[in-house]
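Okay, here's what each chain looks like letter by letter:
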Amino acid sequence: MSPRQQLYIGGAWVDPATSETIEVISPHTEQVIAKVAAPAPANVDRAVAAARRAFDAGPWPRMDPQDRVAIVRELAEFYCAREEELAQLITSEMGAPITFSRSAHAKLPGVMMRAFADTAAGYPWRETRAGFLGGGVVVGHEPVGVVAAIIPWNMPMFLTVGKLIPALLAGCTVVLKPSPETPLDAQLMAELLDLVGLPPGVVSILPGGREVGRYLVSHPGVDKVSFTGSTAAGRQVAEVCGSALRRVSLELGGKSAAVVLDDADPDAVATGMTVAGLMNGGQACVAQTRVLVPWHRRHEFVDALVSVVENLTVGNPFDPATRVGPMVSHRQQQRVREYIDLGEREGARLMLGGTAVPEGLARGWYVRPTVFAEVDNSMRIAQEEIFGPVLSVIAYTDDEHAVSLANDTEYGLSGSVWSPDLERATGIARRVRAGTLGINEPYSMDPVAPFGGVKNSGYGREFGVEGLAGYLDTVSLSIRPAVVNPPVSPASSAGASRAAGPPRETS
Ligand code: NAD
């Protein structure tokens, strides 16, 4: 796919309203690899107007839901045929190791599309209930309207599919705003949508920065905002939506804990952590970067972790041997190194990694995978989202202490518990305040399992029936048989109309 210099608005490629462009920079080479059109406010206006028309007067929201399911299934076919191309694009624009791009960035969204289509196919769109007060009640599920979907750069296609497909299946129309770091995969999605021939106006895709995002979420033509990004930006979005009384769902940051019980196997846990904590170079909202280990076995767990992490290949993300690629941007690389520096100043013990550039990787935004031990949960490296390959090992004294440390965070997105004793592990997991937890499972994101956060990780759920419901309004229709009066003769009818006429004025 060659990058487009036009914007995909309402189902057509149109010239942008400005000559400004977005430069896509390879995190590996630091070279500009593509330039794409940047949207201006006039383009947002046009996209929202097209979505509004398509929602208010077009066929999409009124179609039989099963017809929308058929279109999404067709889209999934087209999508799966281009998975490898997509994996290459995502690795080039945001630096994820190609093996991770193939499995998570490219393959999973196709699986999710099919799972979401199945969910919508079996959804109870209309339900008849016997009225408690007599009569009948029909409960229907109708699309919420025009959706503004805001996507971060770290899992661009996964998150696009997580919002766009349930919104479409619900019958909504969508204006999608991907991040400026990752516009190329978004253009590929636009090409695929073109192939299935949606009615005009149903989808627009405007990759752009936060100014475009701000303008879009505050647009009066938008009915619902579905936002994924940082907690700081999510707060701003919530304020805008609060004052406009606009529906909003927020998938925000995390600082999740892996609770390792005292009967867990150190090697299995260490291997699990390379996924749970370090997938995508640690640039994952669900990253479990606090590893809680029992005090009396802390050295064993730290040693196992260090020996697994030090063997991860860091480097060119296109090399299939690479497990940790570069950070998405220079800014992100700097931020992660600052946190590593901070951890040392806070008194944590640096066991592996550090701020030095990895050997042989002077070019590219690389950071050494880093393990800190002797971390206190009150340290900033244990409380703030670093969004890089940095693990903090924190020791606990007993199960009670482990639970209280896991919950001692402003966030509540994900987490895991590690133990061969599933009953004990499940009991602990139930006490951790987070939206999605795994037992001996580093990557618990099943398309049928509702996903989302509590506390400052946001609200609302994506995936599964609950994810679809987030794009639906529930409406009730109470039905009673009409009252049919017996036919009346003309003579009595004249009398009746006099009796029913307006009261005569009296002096
Ligand atoms: P970010 O908040 O800077 O930006 C996210 C998206 O929001 C981008 O498209 C950006 O342009 C847009 N944006 C920023 N400010 C906005 C505003 N005021 N109004 C409207 N749009 C705005 O985050 P990022 O650096 O791109 O992504 C990393 C963050 O995303 C991390 O905090 C990570 O935890 C979070 N994240 C959360 C989930 C989840 O499902 N909970 C998934 C992935 C990433």
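Residues numbered from 1 in each chain as written. Predicted model: local features only at pLDDT ≥ 70, side-chain atom pairs only at ≥ 80, totals over all residues. Heavy atoms only, no water.

### Focus on the sheet that holds strand E6 (residues 136-143)
Spatial ordering of the open sheet is given by E5-E6-E20, a layout of three strands whose pairing is antiparallel. Strands at the two margins of the open sheet, each flanked by one partner only, are strand E5 (126-130) and strand E20 (472-479). Direction aside, the axes of adjacent strands within the sheet are offset by 25° on average. For E5 and E6, the ladder comprises five bridges, and the chain directions are antiparallel. Looking across to E6, one finds that arginine 129 is bridged to valine 137. (Pairing = 2+ DSSP bridges. Helix = DSSP H or I, 4+ residues; strand = E, 2+ residues; numbered from the N terminus. Axes fitted to C-alpha atoms, helices over the stretch in contact; angles between N-to-C directions.)

### What to know about the pairing of strand E3 (residues 21-25)
Alternating residues of E3 divide into Ile22 and Val24, all buried, and Thr21, Glu23 and Ile25, none buried. The pairing of E3 with strand E4 (residues 32-37) spans five bridges and is antiparallel. Along E4, the bridge assignment pairs isoleucine 25 with valine 32. Counting the residues that bridge the hairpin from E3 to E4 gives six residues, and of these glutamate 30 lies at a positive phi of roughly 65°. (Buried < 20%, exposed > 50% of the residue type's maximum accessible area, 1.4 Å probe, protein only.)

### Quick notes on the sheet that holds strand E15 (residues 370-373)
Taken together, the seven strands give an open sheet; going across it, the order is E14-E15-E16-E13-E12-E17-E18, and neighbouring strands pair in mixed fashion. Bordering the open sheet on either side are strand E14 (349-352) and strand E18 (438-439), each of which pairs with just one other strand. Here four bridges tie strand E12 (residues 257-260) to strand E17 (residues 415-418), and the two strands are oriented parallel to one another. Bridge assignment links valine 260 to a residue of E17, and that residue is tryptophan 418. Its contacts with the sheet put helix H9 (residues 266-276) on E12, strand E13 (290-294) and E17, and the angle it makes with E17 is roughly 165°. Here helix H11 (residues 330-346) sits on the sheet and contacts E14, E15 and strand E16 (390-396); the angle it forms with E15, its principal contact strand, is near 25°. (Contact = heavy atoms within 4.5 Å.)

### Focus: unusual backbone geometry
Working note: non-glycine residues mostly have negative phi, and peptide bonds are mostly trans. A positive phi angle, close to 50°, is found at leucine 245, a residue other than glycine. What makes leucine 245 exposed here is its relative accessible area of 76%. If you check the backbone angles, phenylalanine 463 has positive phi at about 75° while not being a glycine. Looking at where phenylalanine 463 falls in the secondary structure, it is placed in the loop between strand E19 (458-459) and helix H15 (464-469).

### What to know about the domain arrangement of the protein chain
Domain assignment breaks the protein chain into domain 1 (7-252 + 458-476) and domain 2 (257-447). When each unit is reduced to the centre of its C-alpha atoms, the spacing between domain 1 and domain 2 is 30 Å. The interface of domain 1 with domain 2 comprises 35 residues on the first partner and 31 residues on the second. Where domain 1 touches domain 2, the interface holds zero salt bridges. At the junction of domain 1 with domain 2, the criterion picks out ten residue pairs in polar contact (both at pLDDT 80 or more). Those elements that place two or more of their residues in the side of domain 1 that touches domain 2 are helix H3 (83-94) and helix H4 (98-121). In terms of residues, the side of domain 1 that touches domain 2 owes the most to one element, H4, which gives ten residues. Class assignment for the residues of the side of domain 1 that touches domain 2 results in 18 nonpolar, 13 polar and four charged. (Domains from an automatic or database assignment. Salt bridge = Lys/Arg side-chain N within 4 Å of Asp/Glu carboxyl O. Polar contact = N/O pair within 3.5 Å; in protein donor to acceptor, adjacent residues only side chain to side chain. Nonpolar A, V, L, I, M, F, W, Y, C, P; charged D, E, K, R; others polar.)

### Some words on the site of the ligand
Around the ligand there are 28 residues in total, and Arg210, Ser230, Gln236, Leu252 and Glu385 lie nearest to it. Taking serine 179, its side chain carries an N or O atom lying 3.2 Å from an oxygen atom of the ligand. Serine 230 has a polar side-chain atom sitting 2.6 Å from an oxygen atom of the ligand. Protein chains bury 94% of the 840 Å² of accessible surface belonging to the ligand in isolation. (Near = heavy atom within 4 Å. Areas by Shrake-Rupley, 256 points an atom, 1.4 Å probe, with all protein chains shown as cover.)

### Considering the side chain of arginine 297
Along the chain, arginine 297 turns up in the loop between E13 and helix H10 (298-309). Residue classification places arginine 297 among the buried positions, given a relative accessible area of 16%. Engagement of the side chain of arginine 297 in a polar contact is seen with the backbone oxygen of alanine 264, the distance being 3.1 Å. Arginine 297 has contacts with Asp262, Asp263, Ala264 and Pro266, leaving out every residue within four places of it along the chain.

### Thoughts on the packing of aromatic side chains
Per the stated rule, a full pass over the model turns up six aromatic pairs. Ring geometry for tryptophan 153 and phenylalanine 387: centres 5.6 Å apart, planes at 80°, overall edge-to-face. Here phenylalanine 387 lies in the loop between helix H12 (380-383) and E16 and tryptophan 153 lies in the loop between strand E7 (146-150) and helix H5 (156-170), a separation of 234 residues in the sequence. Exposure class is identical for tryptophan 153 and phenylalanine 387. Each is buried. (Phe/Tyr/Trp six-rings, centres within 6.5 Å; stacked < 30°, edge-to-face > 60°.)

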